[in-house]
Amino acid sequence: MTTQADQGGFPGAEDLAGAFIEHLGLEFDEVEEGRVTAHWTAAAHLHQPYGILHGGVHCSVVETLASVGAATWLGDRGKVVGVNNNTDFFRAVSEGDLRSTATPLHRGRSQQLWLVETLDDQDRVVARGQVRLQNLYPTA
């Protein structure tokens, strides 16, 4: 994985872990200021009652990748928090490998907007979302 840790960006790969990310099964492949990619697997523990991937899982992946990208870009100047997540679901998925990619649409002084697309193993768009994040700067 590539990170911006050496240039004062997002703290690093060791911080991209935790129980929730592990539960989702996210494996980060690339973490740069302008792009975050991860792969993961649609599995039964992520299904809703009808046996397909829960929409909240897609929203969580979208928010996670956008937040990592936004934090990497902002670096040690501050922190970011999501203020809106809008995710659309295009194709029901029950199992298989998925790839998600986050790219910035806007990176401003006070807010950022990131787009995240998830593709299945046949390169079809499964879900697409965008997250608006607020940049929070330390007070003097």
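One can find the structure itself at the top, above this paragraph.
What counts as what
- Residues numbered from 1 in each chain as written.
- Predicted model: local features only at pLDDT ≥ 70, side-chain atom pairs only at ≥ 80, totals over all residues.
- Heavy atoms only, no water.
- Helix = DSSP H or I, 4+ residues; strand = E, 2+ residues; numbered from the N terminus.
- Expected span 1.5 Å × (residues − 1).
- Buried < 20%, exposed > 50% of the residue type's maximum accessible area, 1.4 Å probe, protein only.
- Contact = heavy atoms within 4.5 Å.

A. Region of interest: helix α2 (residues 55-74). Helix length check: α2 (20 residues) gives 28 Å between terminal C-alpha atoms against 28 Å at 1.5 Å per residue, within 8%. For α2, the tally of buried residues reaches 15 of 20 residues, placing the bulk of the element in the interior. Directly after α2, the chain includes Gly-75, whose backbone phi takes a positive value near 65°.

B. Structural detail: unusual backbone geometry. The phi angle at Asp-123 is positive, at roughly 60°, despite the residue not being glycine. Inspection of the secondary structure assignment puts Asp-123 in the loop between β5 (111-119) and β6 (125-136). Its relative accessible area of 53% is what places Asp-123 among the exposed residues.

C. Focus on the side chain of Thr-64. By the element assignment, Thr-64 lies in helix α2. A relative accessible area of 13% means that Thr-64 is categorised as buried. Ignoring sequence-local partners within four residues, the contact set of Thr-64 consists of Ile-21, Leu-26 and Phe-28.

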